[in-house]
Amino acid sequence: MNEGSRRAKPLPYGRQTIAADDIAAVTRVLQSDWLTCGPSVAEFESNFASFVDSKHAVAVNSGTAALHCAMHAIGITAGDEVIVPAISFAATANCVVYQGGRPVFSDVDPRTLLIDPADIERLITPKTRAIIAVDYAGQPCDYDALRSICDEHRLWLVADACHSVGASYHGRPCGSLTDLTAFSFHPVKSMTTGEGGMVTTDNPEFSQKMRQFRNHGIVQDFRQRESVVQWEYDIREIGFNYRISDFQCALGTSQLQKLPGWIDRRRQIAERYTSQFAECRHIQPLAVQSYSEHAYHLYVVRLGSGQSPAMRANVFQRLRSIGINVNVHYRPIYLHSFYRERFGYNAGLCPNAESVYGQILSLPVFPSMTDADVDFVVEELLAATATASSIAA
Ligand SMILES: *Cc1c(COP(=O)(O)O)cnc(C)c1O
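Rules used in this analysis
Residues numbered from 1 in each chain as written. Predicted model: local features only at pLDDT ≥ 70, side-chain atom pairs only at ≥ 80, totals over all residues. Heavy atoms only, no water. Helix = DSSP H or I, 4+ residues; strand = E, 2+ residues; numbered from the N terminus. Rg over C-alpha atoms; globule rule 2.2 N^0.38 Å. Contact = heavy atoms within 4.5 Å. Areas by Shrake-Rupley, 256 points an atom, 1.4 Å probe, with all protein chains shown as cover. Pairing = 2+ DSSP bridges. Axes fitted to C-alpha atoms, helices over the stretch in contact; angles between N-to-C directions. Polar contact = N/O pair within 3.5 Å; in protein donor to acceptor, adjacent residues only side chain to side chain. 1 Å grid on protein atoms, 1.4 Å probe; cavity = no way out; pocket = protein on both sides within 12 Å on 5 of 7 lines; lining within 4 Å. Points joined across faces, edges and corners; volume = space filled by probe spheres on them. Nonpolar A, V, L, I, M, F, W, Y, C, P; charged D, E, K, R; others polar. Near = heavy atom within 4 Å. Buried < 20%, exposed > 50% of the residue type's maximum accessible area, 1.4 Å probe, protein only. Salt bridge = Lys/Arg side-chain N within 4 Å of Asp/Glu carboxyl O.

J.: Hey, could you go over the overall build of the protein chain for me, with residue numbers and the actual values?
T.: What the protein chain contains, in helices and strands, is 13 helices and 13 strands. A compact globule built from 393 residues should have a C-alpha radius of gyration of about 21 Å, and the protein chain, at 22 Å, falls within 12% of that. Here the C-alpha coordinates of the protein chain stretch approximately 80 × 55 × 35 Å along the principal axes. In the protein chain, the proportion of contacts linking residues at least 24 apart, taken out of those at least 6 apart, comes to 72%. As presented, the protein chain carries roughly 16,800 Å² of accessible surface, and 51% of it is formed by carbon and sulfur atoms.

J.: Give me the lowdown on the sheet that holds strand β6 (residues 168–169), citing residues and values where you can.
T.: Sheet architecture is open: 3 strands sit in the order β7-β6-β11, paired in antiparallel fashion. Each edge of the open sheet is held by one strand with a lone partner, namely β7 (172–173) and β11 (292–293). Sheet topology note: the β6/β7 ladder contains 2 bridges and is antiparallel. Residue pairing in the sheet places Tyr169 in a bridge with Arg172 of β7.

J.: Pulling in residues and values, what's your account of the sheet that holds strand β1 (residues 56–60)?
T.: Pairing within the open sheet is mixed, and its 7 strands lie in the order β1-β9-β8-β5-β4-β2-β3. In this open sheet, the two edge strands, each paired with only one partner strand, are β1 and β3 (102–106). Each strand axis lies, on average, 20 degrees off the axis of its neighbour in the sheet, ignoring direction. Both β1 and strand β9 (residues 197–201) contribute to a ladder of 5 bridges, which runs antiparallel. Its bridge partner lying in β9, Val58 is registered against Val199. Across the sheet, helix α3 (residues 63–73) is in contact with β1, β2 (81–85), β4 (128–134), β5 (156–160), β8 (180–184) and β9; its angle to β8 comes to roughly 165 degrees.

J.: I'd like a rundown of the environment of Tyr330, residues and numbers included.
T.: When you line up the elements, Tyr330 lands in the loop between α10 (310–321) and α11 (337–343). Between the C-alpha atoms of Tyr330 and Leu361, which are 31 residues apart in sequence, the distance is 9.4 Å. Engagement of the side chain of Tyr330 in a polar contact is seen with the side chain of His163, the distance being 2.9 Å.

J.: Outline the layout of surface pockets, listing residues and values.
T.: Put simply, the largest pocket is a space of about 300 Å³. If you trace the largest pocket, you find 23 residues lining it, with Thr64, Phe89, Ser184, His186 and Lys189 closest to the centre. Listing elements by their share of the lining of the largest pocket, those giving two or more residues are α3 and α4 (91–98). Broken down by element, the lining of the largest pocket gets its largest block of residues, 3 residues, from α3.

J.: So what about empty space enclosed by the protein? Which residues, and what values?
T.: Taken as a whole and assessed by the stated rule, the structure comprises 1 cavity of 30 Å³ or more. Size it by volume and the largest cavity reaches roughly 50 Å³. Considering the residues around the largest cavity, the lining is formed by Arg15, Gln16, Thr17, Pro187, Lys189, Ser190, Met191, Thr192, Gln255, Trp262, Arg266 and Pro367. Per-class residue counts for the lining of the largest cavity are 4 nonpolar, 5 polar and 3 charged.

J.: Outline the site of the ligand, listing residues and values.
T.: Among the 15 residues in the neighbourhood of the ligand, the closest are listed as Gly63, Thr64, Asp160, Ser184 and Lys189. Between an oxygen atom of the ligand and a main-chain N or O atom of Gly63, the distance comes to 2.8 Å. With respect to the ligand, the side chain of His163 contributes an N or O atom lying 2.8 Å from an oxygen atom. With the chains in place, 92% of the 380 Å² that the ligand exposes on its own is no longer accessible.

J.: So, the pairing of β3: which residues are in play, and what are the values?
T.: With 4 of its 5 residues buried, β3 lies for the most part within the structure. Direction of pairing for β2 relative to β3: parallel, over a ladder of 5 bridges. By the bridge assignment for β3, Val82 is matched with Pro103.

J.: Report on the pattern of salt bridges, specifying residues and quantitative values.
T.: For side chains bearing opposite charge, pairing can occur when the charged atoms are close. Tallying each qualifying case throughout the model produces 12 salt bridges. A salt bridge links Lys258 to Asp21; the nearest nitrogen and oxygen atoms lie 2.8 Å apart. Placement of the pair is Lys258 in helix α9 (residues 246–277) and Asp21 in helix α1 (residues 20–30), with a sequence separation of 237 residues. Arg147 is the salt-bridge partner of Asp179, the closest N and O atoms lying 3.4 Å from each other. Here the residue Asp179 occupies a position in the loop between β7 and β8, and Arg147 occupies one in helix α6 (residues 143–153), the gap between them amounting to 32 residues. Given the relative accessible area of 18%, Asp179 is considered buried.

Limitation: the analysis is restricted to geometry and does not speak to function.
Here it is, written out as structure tokens:
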């Protein structure tokens, strides 16, 4: 309403929390002998593995690299199909394409935006190798339902848990629920290493394969076993440089200790939003399943009916103009030009995803946000939706 309410400092939809102990941890490593391939990498991997209750954790330099490592580990190759949800960040599908595979898009449940197990069966062909489930916004997928589909059809189950570090399913942490789980530590995610990622698995062969893949495909034990000369090494499968540095991992270990407290704060913020939207018919928060302990990487609402995307556009513009930097996560992946042109996908493929894409808006949520910030967003969103719905009427 009043132009005077524009914030001096815009509220982002997410942001990192960095404290003096994080800076000290990074500085210690910068002054040490190891900037990369040193002890802080192994330390972060072992701390992370125990945090998510997984046997192995392989640290890499992005969430995208983590997903690519997972696709390599399960042997995705030309002609293979992998089922992914229509709504996610593009990297969820891109990692299949990197390996020469074809991403096949499943529709989502419009109440949660999680992959809809009921839509998966019809997509399975003799070429299907895996499902990548995305814990959208920080809520775990229905892993029991997904596991039984995968068992029946002999498919690998991979989780894109880039949103869900710190979440759990029936009390079991994300990172321990699937054959492989990928995490991201980009600053907008719930904990950060600047850029960074991790793959967790209980399978020692997968872990070994991914360690090679992140380091050009260099076979680690070649020297001891086969070579008589010290300088020689062997490459049997092509890999990449997906290594992460020691100072990034020191930041990761420091952040990980504080993650549970941050997730608690994210949950409080989400509760504060949800309770204030209860009376408002234009604003519907996404549903929370009874099995999940949600990590709220995102707080997403659906606006209006979906028949009128003008509502969302109006509200988006208005909130942005007063310094509330809302966002939209995400356009259905197959609608991007690359996917239409390369794979022949078209609008109409996943009707729920397309309709809900016209409604969704991600509101600010990050641990250092105050209750007053939350109330400011609520007030402005209520005003913006009231105006937008009266324009629409
Ligand atoms: C952030 C994100 C990724 C990619 O992570 P990066 O670290 O940015 O490479 C993949 N999938 C989802 C769902 C994400 O949110």
